[in-house]
Amino acid sequence: MSRHGGLRHRLRKAVNAVMMALSGVSALFGLFWLFWILKDLIHKGLPAFSVAFFTKLPTPPGMAGGGLVNGIVGTLLITAMATLIGVPVGILAGTYLAEYGRQSALAHAVRFVSDILTSAPSIVIGVFVYAILVQPMKGFSGLAGALALAIIMIPVVTRTTEEMLRLVPNALREAALALGAPYWKVILRVCYRRVLGGMTTGVLLAIARVAGETAPLLFTSLNNPYWNFNPLEPTGTLNVTIFNYAMSPYDDWRTKAWGAALLITLGVLATTIVARIAVSRTQRLGSQR
Amino acid sequence: MRHPVGGAAEIAAHRAPPQRPAEPERPQGRSRPGNLLDVLFRTTTLCFAGLVLLLILAIGTVLFAEAHLAFSHFGLKFLWTKEWDPVRESFGALPSIFGTLVSSFLAILIAVPVSMGIAIFLTEMAPPWLQKPVGLAVEMLAAVPSIIYGMWGLFSFAPIMARHVEPWLKHHLGFLPLFQGPPMGIGMMTAAIILAVMIIPFITSITRDVFALVPAMAKESAYGLGATTWEVVRNVVIPYTRTGIVGAIFLGLGRALGETMAVTFVIGNAHDISLSLLSPSNTISSTLANEFTEATSHLYVSSLIALGLILFLITTVILSVAKLLLWRIERQVVGSVR
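For clarity, every value in this text was computed on a predicted model and none was experimentally measured. Throughout, residues of each chain are indexed from 1 in the direction in which the sequence is written. By the order in which they are written, chains take letters starting at A while ligands take numbers starting at 1. Totals for whole chains, interfaces and linings use every residue, but because this is a predicted model, local features are given only for residues with pLDDT of at least 70 and side-chain atom pairs only at 80 or more, for both listing and counting. Calculation of side-chain values draws on the structure's entire complement of heavy atoms; hydrogens and water are dropped beforehand.

Novice: Looking at this structure, how should I read the overall build of chain B?
Specialist: Looking only at helices and strands, one finds 12 helices and 2 strands in chain B. For chain B, the N- to C-terminal ordering of α and β elements is α-α-β-β-α-α-α-α-α-α-α-α-α-α. Intrachain contacts of chain B at a sequence separation of at least 6 include 74% that bridge at least 24 residues. By the criteria applied, helices consist of DSSP H or I runs no shorter than four residues and strands consist of E runs no shorter than two, each listed in order from the N terminus. Contacts are residue-level and defined by heavy atoms, with any inter-residue pair within 4.5 Å sufficient.

Novice: Just checking my understanding: could you explain the overall build of chain A for this structure?
Specialist: Looking only at helices and strands, one finds 11 helices and 0 strands in chain A. Its helices and strands taken in sequence order, chain A reads α-α-α-α-α-α-α-α-α-α-α from the N to the C terminus. In terms of overall size, chain A is more extended than a compact globule, its C-alpha atoms giving a radius of gyration of 25 Å where 289 residues would be expected to give roughly 19 Å. Each of the three principal axes of chain A carries a C-alpha extent, and together these read 75 × 75 × 35 Å. Residue burial in chain A is summarised as follows: out of 289 residues, 58% are buried. Considering only residue pairs separated by 6 or more positions, chain A has 73% of its internal contacts joining residues 24 or more positions apart. Exposure was quantified through the Shrake-Rupley algorithm and a 1.4 Å probe, taking into account, for residues, occlusion by the shown protein chains and nothing else. On chain A, roughly 11900 Å² of surface is accessible, and the fraction owed to carbon and sulfur atoms is 70%. Atoms considered for the radius of gyration are the C-alpha atoms alone. The globule rule reads 2.2 Å times the number of residues to the power 0.38. Exposed residues in this analysis have more than 50% of their type's maximum accessible area, buried residues have under 20%, and partly exposed residues fall in between, with area computed by a 1.4 Å probe over protein chains only.

Novice: Please clarify how the packing of helix H3 (residues 69-101) of chain A against helix H2 (residues 36-74) of chain B should be interpreted in this entry.
Specialist: Think of two packed helices as two axes; the pair is described by the angle between the axes and how far apart they sit. Axes, fitted as lines to C-alpha atoms, cover a helix only where it is in contact. Angles between the N-to-C directions of the axes lie from 0 to 180 degrees. Look at H3 of chain A against H2 of chain B: their axes get within 7 Å of each other, and the N-to-C directions meet at 110 degrees. Considering their axes alone, H3 of chain A and H2 of chain B lie roughly perpendicular with respect to each other. Crossing handedness for the pair H3 of chain A and H2 of chain B: left-handed. Contact residues: Val89, Leu92, Ala93, Thr95, Tyr96 and Tyr100 of chain A in H3 of chain A; Asp38, Phe41, Arg42, Thr44, Thr45, Leu46, Phe48, Ala49, Leu51 and Val52 of chain B in H2 of chain B. When its residues are assigned to classes, the contact of H3 of chain A with H2 of chain B shows 11 nonpolar, 3 polar and 2 charged. Working definition: roughly parallel below 35 degrees, roughly antiparallel above 145 degrees, roughly perpendicular at 65 to 115 degrees, and oblique for all remaining angles. Each crossing is labelled by how the near helix is turned from the far one, with a counterclockwise turn of less than a right angle marking it left-handed and a clockwise turn marking it right-handed. Charged means Asp, Glu, Lys or Arg here, nonpolar means Ala, Val, Leu, Ile, Met, Phe, Trp, Tyr, Cys or Pro, and polar covers whatever is left, Gly included.

Novice: Just checking my understanding: could you explain the packing of aromatic side chains for this structure?
Specialist: To describe a pair of aromatic rings, one takes the distance between the centres and the angle between the planes. Pairing of aromatic rings covers Phe, Tyr and Trp, the last through its six-membered ring, and needs centres within 6.5 Å; plane angles under 30 degrees mean stacked, over 60 mean edge-to-face, and all others mean tilted. Across all of its chains, the model carries 29 aromatic pairs over all chains by this definition. Both rings, one in Trp152 of chain B and one in Phe157 of chain B, keep their centres 5.7 Å apart while their planes meet at 10 degrees; by these two values the pair is stacked. Neither residue differs from the other here; Trp152 of chain B and Phe157 of chain B are each classed as buried. Grouping aromatic residues by their ring pairs yields a cluster made of Phe29, Phe32, Trp33 and Trp36 of chain A together with Trp152 and Phe157 of chain B.

Novice: Just to check I follow, could you spell out the side chain of Lys219 of chain B for this structure?
Specialist: Residues and elements named next belong to chain B. Note on placement: Lys219 falls in helix H7 (residues 216-224). The class of Lys219 is buried, set by a relative accessible area of 16%. Each residue touching Lys219, except ones within four places of it in the same chain, is listed here: Glu124, Val214, Val232, Val236 and Val237.

Novice: Can you help me understand the side chain of Ser302 of chain B in this one?
Specialist: Residue and element names in this part refer to chain B. Topologically, Ser302 is positioned in helix H12 (residues 298-337). Residue Ser302 is classed as buried on the basis of its relative accessible area, which comes to 4%. Those residues within four positions of Ser302 in sequence are excluded, and the remaining contacts are Glu66, Ala67, His68, Leu69 and Ala70.

Novice: Would you take a moment to explain the interface of chain B and chain A for this structure?
Specialist: Interface extent is often summarised as the accessible area lost during association of the parts. Facing 101 residues of chain B, the contacting portion of chain A comprises 101 residues. For the pair chain B and chain A, the two sides together bury roughly 9300 Å², of which 76% comes from carbon and sulfur. Note on definitions: salt bridges are taken to be side-chain nitrogens of Lys or Arg within 4 Å of carboxyl oxygens of Asp or Glu. Counting the contacts that link chain B with chain A gives 3 salt bridges. Here Arg276 of chain A ties to Glu139 of chain B by a salt bridge, and the two come within 3.1 Å at their closest N and O atoms. A per-element tally of the side of chain B that touches chain A places H2 of chain B first, with 19 residues. Residues belonging to the side of chain B that touches chain A are distributed by class as follows: 62 nonpolar, 25 polar and 14 charged. Two parts placed together each lose some accessible area under a 1.4 Å probe, and the buried area is that loss summed for both.

Novice: Sorry, what's going on with helix H8 (residues 183-194) of chain A here?
Specialist: Residues that lie three or four places apart on an α-helix share one face, since the helix turns once every 3.6 residues. The complete set of buried residues in H8 of chain A reads Tyr183, Trp184, Val186, Ile187, Cys191 and Tyr192 of chain A. One side of H8 of chain A holds all its buried residues, which, seen down the axis, span an arc of 150 degrees. As for H8 of chain A, its buried residues are in contact with H3, helix H6 (142-165), helix H7 (170-178) and helix H9 (196-211) of chain A together with H2 of chain B. Taken from the helix axis, the directions to the C-beta atoms give the arc we talk about.

Novice: Which parts of the structure should I look at to understand the pattern of salt bridges?
Specialist: Where charged atoms from two side chains of opposite charge come close, those side chains can pair. For the structure on display, the rule yields 14 salt bridges over all chains. For Glu213 of chain A, the salt bridge is made with Arg209 of chain A, and the minimal N-O distance between the two is 3.1 Å. Judged by relative accessible area, Arg209 of chain A falls into the buried class, the value being 9%. Among the ionic contacts, a cluster of salt bridges with common partners joins Arg111, Asp115, Arg159, Glu162 and Arg166 of chain A together with Lys323 of chain B.

Novice: Just to check I follow, could you spell out unusual backbone geometry for this structure?
Specialist: For residues other than glycine, phi is negative in most cases, and the peptide bonds are mostly trans. Residues and elements named next belong to chain B. For Glu89, which is not a glycine, the phi torsion comes out positive at approximately 55 degrees. Tracing the backbone through its elements, the reader meets Glu89 in the loop between strand E1 (84-85) and strand E2 (90-91). Taking relative accessible area as the criterion, Glu89 reaches 30% and is therefore assigned partly exposed. If you check the backbone angles, Asn269 has positive phi at about 50 degrees while not being a glycine. Looking at the element boundaries, Asn269 is found in the loop between helix H10 (261-266) and helix H11 (284-291). Of the residues examined, Asn269 reaches a relative accessible area of 30% and is grouped as partly exposed.

Novice: Looking at this structure, how should I read the nonpolar core?
Specialist: Soluble globular proteins tend to pack their nonpolar side chains together in the buried interior. The criterion is simple. A nonpolar core is a set of buried Ala, Val, Leu, Ile, Met, Phe, Trp, Tyr and Cys residues joined through side-chain atoms within 4.5 Å. Of all hydrophobic cores here, the largest spans 194 residues; its most connected members are Phe78, Tyr149 and Phe292 of chain B. Looking at this core, the element that brings in the most residues is H12 of chain B, giving 17 residues.

Novice: Sorry, what's going on with the environment of Gly244 of chain B here?
Specialist: Residue and element names in this part refer to chain B. Note that Gly244 resides in helix H9 (residues 242-258). Between the C-alpha atoms of Gly244 and Leu136, which are 108 residues apart in sequence, the distance is 21 Å. Other than its neighbours up to four places away in sequence, Gly244 contacts Val210, Leu326 and Ile329.

Novice: Looking at this structure, how should I read the environment of Trp327 of chain B?
Specialist: Residue and element names in this part refer to chain B. Looking at where Trp327 falls in the secondary structure, it is placed in helix H12. Residue classification places Trp327 among the buried residues on the basis of a relative accessible area of 17%. When the C-alpha atoms of Trp327 and Met161 are compared, they prove to be 40 Å apart, with 166 residues separating the residues in sequence.

Below you can see the structure in the form of structure tokens.
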């Protein structure tokens, strides 16, 4: 009996050790890909960085030299436009969920839909914007690209805003209401102010999310090898440039694609990490009351 | 606490919220009756919340309207026609639908065990000082833009598949129909592996969150009876969180189905249906990415939009299931706490 029990005990220990080792290996497996990708990006992307890369326009196909300044500026402009469209919508919708809708059926429906939209295929959003904006206006435009990105941002900002506002203690609202402030003023002057930091970082996360998007831009903002500041014209972006250059047969273009890829990744990862640290600080503040 | 993270702020959207103590009564929004600004502000926020709701309806409606030409021309046969020939204007969705489903299914097969392993590592095994950096690093995988996965996959990963992995598979398993054709490095298998890496962070972080919902009491009781860590995971944690795990898997599936740029680079873009995992294939999203701006005729564009509509419907259903399952486990846990 005791020997049998000892054997079984050892077997159970062995199974446990194997399963725990496997889970440790899967963690390593996840990290392995991250570091492999980052290593290749830095290794192949860094040589592309030069003064010209950040200051010059692209050269014609096959010619060496030039840079991607139009794509860098284009990405910044389109992301900025998307932020201007998407963030106010998201913040107001999130305010409704946290302050008015709460447990109502409508609020639940909005939460449900916005969570679905958050993960909806971004290329489908691109097709949608193509149908409602590019086709009627008979032309690709930076504005269409910005609208596609804004649609992707809205659900993210909505849910972050709601989360943040729910961290505001009720006592604060009650205190302000008791002083005779109308509810809209309480929201604007007390609740928003309390979570300003958290909402800003939420917006940053949403920006980081859309700044790397390519699929919704392919047939909305298209591409443009020249300077363009007119939102109604096709606009070049780093992402679409990566797609075109990486698929091209020219070595120089491929090197530039690696450079652009490194630039985008650095920007997105840095924003994400900064925002994440700030978010956890806000949440600590919120829970401490 | 929830950490909306990274390019994966969306991960946060699907996570179970923290357990909150019973909320005290909130002040009601109606202050003095007739306060015009109050009504105005409330109505404004209501309109924008409604806008989010309308957005999904608008996307469905517009895609349906634009796809109408294709469906009226080809009929429902569009769904199971194999041919995709822009020159003869004969379009069928079957190769793209097949590629989408198969690549995502394979990705799930790879990603689920790995994600479960990472989640177990993070919740049951890793010392606290290791949990945060490892968790953050895994979630960084979700923040890397998908075009980076695609480009990296094409230039760094596909050559390794072509030179080492695929010849090995052909040599040892070449008698199977799964491993026929030349080892080119690009094709269904490479796409599925890259997709798997991309969805691992999504499945991991939600699984980890639902694991955290298991009451410490239940786990400690099992440990107290002498159970090993693995036995606690298998007999307490997993049964308790089964709904949530399935929700997390469906969420990962929804992501994989709609993923575009990563797949477009490495799947090879051929409108063929092949059993072989080494042969080039196509998905709905990669067809759209490659052909949309080149489509010249109305029928071509409409057929592509019809593909988009199919993808939108599939992912919406899958993501809705995921969401409902995750809501159910939340409610189940909150119920058992009270």
